[in-house]
Amino acid sequence: MAFAVTGALFDPDLKLGGVALFLGAVIGAHDGVLLPVVIGAGALLHPIHRLVRAALLISLCVTLVALPLVLGRGRVPDNPSVLPLPYGQGLLVVLVATWVTTLVLLVLERGLAIRQKTVRTQTIPQCPSDG
């Protein structure tokens, strides 16, 4: 942010109207599209395990944000600097990392639950009676 603000302050070609329009569009897209979709999805996914629900919501958010880049609208063949990265591959890496992490956490949680259940169900040795 500091780099962007500093660059904007010293850029003689800066058009404040364009910057304001861009910021308004970003805020509108976030508050008008992304936020309601994620809140609605979270409400629909409420019965699902909390870790799986979190992974689904992360996947939804990341996909919604990355989708315009993955689709590549506006990419022109004669300008390779427009959308220069393999965004589909990047999205896939993030989704795989999200779900692998979720799977590991689920396995660890299950192992911990089994260990706690085993400790609770062990019998306590009886004291010898006086007799």
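Here is what the cut-offs are and how they apply
- Residues numbered from 1 in each chain as written.
- Predicted model: local features only at pLDDT ≥ 70, side-chain atom pairs only at ≥ 80, totals over all residues.
- Heavy atoms only, no water.
- Helix = DSSP H or I, 4+ residues; strand = E, 2+ residues; numbered from the N terminus.
- Buried < 20%, exposed > 50% of the residue type's maximum accessible area, 1.4 Å probe, protein only.
- 1 Å grid on protein atoms, 1.4 Å probe; cavity = no way out; pocket = protein on both sides within 12 Å on 5 of 7 lines; lining within 4 Å.
- Points joined across faces, edges and corners; volume = space filled by probe spheres on them.
- Nonpolar A, V, L, I, M, F, W, Y, C, P; charged D, E, K, R; others polar.
- Axes fitted to C-alpha atoms, helices over the stretch in contact; angles between N-to-C directions.
- Parallel < 35°, antiparallel > 145°, perpendicular 65-115°, else oblique.
- Left-handed = near helix turned anticlockwise from the far one by under 90°.
- Contact = heavy atoms within 4.5 Å.
- Patch = residues over 30% accessible without salt bridge, like charges linked within 9 Å, V, L, I, M, F, W, Y side chains within 5 Å.
- Areas by Shrake-Rupley, 256 points an atom, 1.4 Å probe, with all protein chains shown as cover.
- Salt bridge = Lys/Arg side-chain N within 4 Å of Asp/Glu carboxyl O.

> Just give me the short version of unusual backbone geometry, but keep the residues and values in it.
Of note, the phi angle at Leu 83 is positive, near 50°, even though the residue is not glycine. For Leu 83, the location among the structural elements is in the loop between helix 3 (50–71) and helix 4 (87–121). Residue Leu 83 is classed as buried on the basis of its relative accessible area of 18%.

> Please set out the layout of surface pockets residue by residue, giving values where relevant.
Volume-wise, the largest pocket comes out at about 190 Å³. Looking at the largest pocket, the residues that line it are Met 1, Ala 4, Val 5, Ala 8, Leu 9, Leu 14, Leu 16, Val 19, Phe 22 and Leu 23. Of all the secondary structure elements, the ones that give two or more residues to the lining of the largest pocket are helix 1 (2–9) and helix 2 (16–44). Of the residues that constitute the lining of the largest pocket, the class distribution is 10 nonpolar, no polar and no charged.

> Describe the packing of helix 2 against helix 3, with residues and values.
Each pair of packed helices gets described by two things: the angle between the helix axes and the distance between those axes. As a packed pair, helix 2 and helix 3 sit with axes 10 Å apart at the nearest point and diverge in direction by 155°. Taken together, the axis directions place helix 2 and helix 3 in an arrangement best described as roughly antiparallel. In this structure, the crossing between helix 2 and helix 3 has a hand that is right-handed. Judged by residue contacts, Leu 34, Val 37, Val 38, Ala 41 and Gly 42 of helix 2 engage Arg 53, Leu 57, Leu 60, Cys 61, Leu 64 and Val 65 from helix 3. Classifying every residue of the contact of helix 2 with helix 3 gives 9 nonpolar, 1 polar and 1 charged.

> Before we move on, can you summarise a nonpolar patch on the surface with the specific residues and values?
On the surface, Leu 14, Leu 16, Val 19, Phe 22, Leu 23 and Val 26 cluster together to form a nonpolar patch covering roughly 550 Å² of accessible area. Within the secondary structure, Val 19 is located in helix 2. Owing to a relative accessible area of 33%, Val 19 belongs among the partly exposed residues under this scheme.

> I'd like to hear about the environment of Leu 35, residue by residue, with values.
Position of Leu 35 relative to the elements: it lies in helix 2. For Leu 35, a relative accessible area of 37% gives the class partly exposed. In this structure the C-alpha to C-alpha distance between Leu 35 and Cys 61, which are 26 residues apart in sequence, comes to 9.1 Å.

Remember, this is a structural readout, not a statement about activity or role.
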